[in-house]
Amino acid sequence: MIKDILNKNEKMTPNSKEIAILKEHFPSCFKSDGTFDIEKFKGFLSDKITVTDEGYELKFLGKNYARLLASVDTTTVITPNEEHNSKPENKNSENIYISGDNLDGLKHLLKSYSGQIKCIYIDPPYNTGTDGFVYNDNFDFTVDSLSEKLSISEEQAERILDLTKRGSASHSAWLMFMYSRLLLARDLLSDDGLIFISIDDNENHNLKLLCDDVFGEENFRNQITIRRGAKSVQAQFETWDKLGQSVEYLLFYSRKSSYRFPKQMKPLDEERQGSWNNHWRGTDRPTMRYPLFGITPENGQWRWGKERSYIAIKNYKKMINDIGVDEKSITQEQIDGWYSNLDYECDLLRLSDSGKPEHYIPPTDSTLLNTSWMDLLVGSSSEIRRLFGKTVFETAKLTATLQRIITFADKDAVILDFFSGSATTAHAVMNLNAEDGGNRKFIMVQLPEIIEEGKPAYEAGYRTIDQIGMDRIIKAANKIKEENPDLEADLGFKHFILQEPTPNTLDKIEEFDPDENKLFADKTLLDEFGKPTILSTWLVRDGYGLTAQPEELDLSGYKGYFIDKHLYLIDTEIPNEAIEKIVVKYETDGSFNPENIVLFGYSFTWTQMEQLKINLKRLKDTEKNLNINFDVRY
Ligand SMILES: C[S@@+](CC[C@H](N)C(=O)[O-])C[C@H]1O[C@@H](n2cnc3c(N)ncnc32)[C@H](O)[C@@H]1O
C-alpha cells in the first residue's frame, strides 16, 4: 500500500493532474510522440473565450514546487484511535478529528470527499514574524530530481531546497505552504461550496492573489472585516510605528461563480445603533419608527439627496400596493411584516399628515449581513477560559464568528477546518445544530504540534495541540448536553492519527520483492501497520470515508471485510475453506457482489492468490456473470 504509492510518486510532476485532464478531454491535441499542439487547443477556445496574454500573475519562489507537493500522494497511513472510537458517544458519530499534517490529511480526504465539502473555514498562521510560522518539510528531493521534475536549473532547485530545509518565514515560504494546501482544498469543495480564510495585514495582499489563482478571480465574493480585541490593538502602540491594527479579515470565495448566498441578518453595528438611538429613537421614545426630517423635498433641503428620497417614496408606494390596503388604514404591524419578508434592505419615506417626510426604521436591531462584522470580535480567550479554567490556547477565534460563517451552508453540510487549533469550528457546528436542529458534520485536521514546557497548556497536562482541540470538543459537547438534556444530536467524533511508516517498515517495504516471495507470506508487515490501520487507510482510498463500517465476515475462521463494491482480505494464512466460502457467498447471497477483492499483498503466497483467482473465475459463468477485479496492494 505504501510501495505502490512510492512507485507512483516517482513519476509525478507538478502538472500531472492537469495533463491527465487534458489528455482525457482533448486527446486530439496530443501527437503520437506525446507533444501538445497548443494552436489546435486554442481552436477549441476561440469563439467563446478571448485568449489573453496579459502576463499578470502572482509569482514566487517554489510555486511549482508547491504544485508538485500537492500532486504527490501521501505516504502516511490512517490509524484509528480504537479506544476513543468505540465509546458509546463516538461509535456512530460522523464527525471526524484527524491528528496530522493537513497536507497529508487533505490528500486522504480527497480520496473519499472530493466535491462534497460545502464549507471550509481556515485560520492559518498569519506569518506575523512572531506567530512561530516557519516552513520546512521532510520531502527528500535531491537537486537533480527536483530540477528534472520542475524543469528548472540546478541553481533554482538548490534555492528551493534551501528554503524548504532551512526553516524560512519569507513571503515565498508562506505562499508555498498555503498554495499546495489550497490547491487540494479547492477540489474538496462541492459545486455550491464556500471557503473562508482568516488573515491579517501581513499576508492579506498575497493571499488574495493566491486565492484568485487557485479559486478563480470570478469566484471572489468578499473581504469581510472583523474587529480585533483591545489588547491586540494596544500591542501595536508599544512600538508607535503603526496605527493600532483594529481589524482583520476573512477572505471569502465560492467554488462556482453561480453561488448565491442566503439572506442573513446581523445585529446593527454599535456605531450605527448609537446614531439611531441618539438621533431618532431617543431613550424616552424607544419604539418610535417615524422620525421627522422636518424639511420637504420642494425646498431642496432634504437630509438625503433628492434621488434617494424619491426612490424611498417610490418604495413606500410599492409597499402600499403590495400590502393592498388604503394608506390611511395601514398598520405598523403590516409595514413591519412587509419589511421583514424582503430579501433586501431599502429606504421607506412617506409624507406625514402635516406634509413632513417620515423615515421608516426597521423594528429589529438587525440589518442585512454585509462585509462589516464589527459586531464580532476576532478572538476570545474567555471562551477557552470558561471551558478549561485557564487559557490553554491563546489564538482561539470566537465561536459566534464561526457560527455566522457556517450558516452560509445548509443545515446538513460537512464543515471542514484543516487548521483547527482549539477546534472552535467543531464547537460552533455543535452549538448551531443544538440551536436549530441541524445535522451538520465537522472534519477537523490539526498538527500534533508540541506544546512547550512551562506554557499554561503544558501545566494543564496537554503535550500537543490536537489534545487541546479534542478536549475542547468533549467539554463543549458536555456543556451542550447539560444545557439541552433532551437534545438528540451527534456530539461525538471519531479520531484518526496520520502516521508515516517507520524507517524500519520502509526498509522492509523496499526490500520486499513480490516475485521472490512467492512461497512465504511476510507477517511482520501486517504487524507493523496493524489491521485497523490498513483497513481505515483503504476504506478512505476507495471512497468510503472515515466513518464507514464494513461488515466483518467469518470465512471458516478467517476474517474478511466487506463493504459495497469491495472485499478486503488482510490476514495471513487464508485456508482453502475460506476461499470456497467466498465463492459460495457470491453464488448464493444476492446482496454480496463486491467487484473488487483487495489483498494485502505481503500476507499472501503466490499459491494462495492463484487459488483465489481460479476459484473466483468460476463466477464468470454463473448467473451473476461477475468479472472480479483483483487488486493486490503492497
Ligand atoms: C491560528 S491557529 C487556529 C486557531 C483556531 N481557529 C481556533 O479558533 O482555535 C492555527 C493552527 O494551525 C495549526 N497548524 C499549523 N500548521 C499546520 C499543518 N501543516 N497541519 C495542520 N495544522 C497546522 C497550528 O498548530 C495551529 O494550532
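The shown structure was predicted, so the numbers you read here are calculated from the model rather than taken from an experiment.

(A) Structural context of the packing of aromatic side chains. Enumeration according to the criterion identifies 30 aromatic pairs in this entry. Judged by centre distance (5.0 Å) and plane angle (70°), the ring pair of Phe-26 and Phe-44 falls under edge-to-face. A residue pair is termed long-range when its members are at least 10 positions apart, and Phe-26 in the loop between helix 2 (16-25) and helix 3 (38-45) and Phe-44 in helix 3 qualify at 18 residues. By relative accessible area, which is 22% here, Phe-26 ends up partly exposed. The partly exposed category is assigned to Phe-44, whose relative accessible area is 45%. Ring centres 5.2 Å apart and planes at 65° place the aromatic pair Phe-600 and Tyr-602 in the edge-to-face group. Just as Phe-600 is buried, Tyr-602 falls in that class too. Pairwise contacts between aromatic rings join Phe-512, Phe-529, Trp-538, Tyr-568, Phe-600, Tyr-602 and Tyr-634 into one cluster. Looking at Lys-613, its charged tip hangs above the ring of Phe-630, at a distance of 5.9 Å from the centre. Stacked on the ring of Trp-538, the Lys or Arg Arg-633 has its end atom at 5.2 Å from the ring centre.

(B) Broad picture of the pairing of strand 17 (residues 566-569). Because side chains alternate across strand 17, one face comprises the buried residues His-566 and Tyr-568, and the other comprises Leu-567 and Leu-569, equally buried. Pairing geometry for strand 16 (residues 558-563) and strand 17, over three bridges, is antiparallel. Paired with Tyr-561 across the bridge in strand 17 is Tyr-568. The hairpin formed by strand 16 and strand 17 contains two residues between the paired strands, and Asp-564 there has a positive phi angle of roughly 45°. Strand direction decides the pairing type here: strand 17 and strand 18 (residues 596-600), joined by four bridges, are parallel. Opposite His-566, over in strand 18, you have Asn-596 as the bridge partner. With helix 24 (residues 576-588) bridging strand 17 and the parallel strand 18, this β-α-β connection has right-handed handedness.

Cut-offs used in this document
- Residues numbered from 1 in each chain as written.
- Predicted model: local features only at pLDDT ≥ 70, side-chain atom pairs only at ≥ 80, totals over all residues.
- Heavy atoms only, no water.
- Phe/Tyr/Trp six-rings, centres within 6.5 Å; stacked < 30°, edge-to-face > 60°.
- Helix = DSSP H or I, 4+ residues; strand = E, 2+ residues; numbered from the N terminus.
- Buried < 20%, exposed > 50% of the residue type's maximum accessible area, 1.4 Å probe, protein only.
- Lys NZ or Arg CZ within 6 Å of the ring centre and 35° of its normal.
- Pairing = 2+ DSSP bridges.
- Right-handed = clockwise from strand over helix to strand, strands pointing away.

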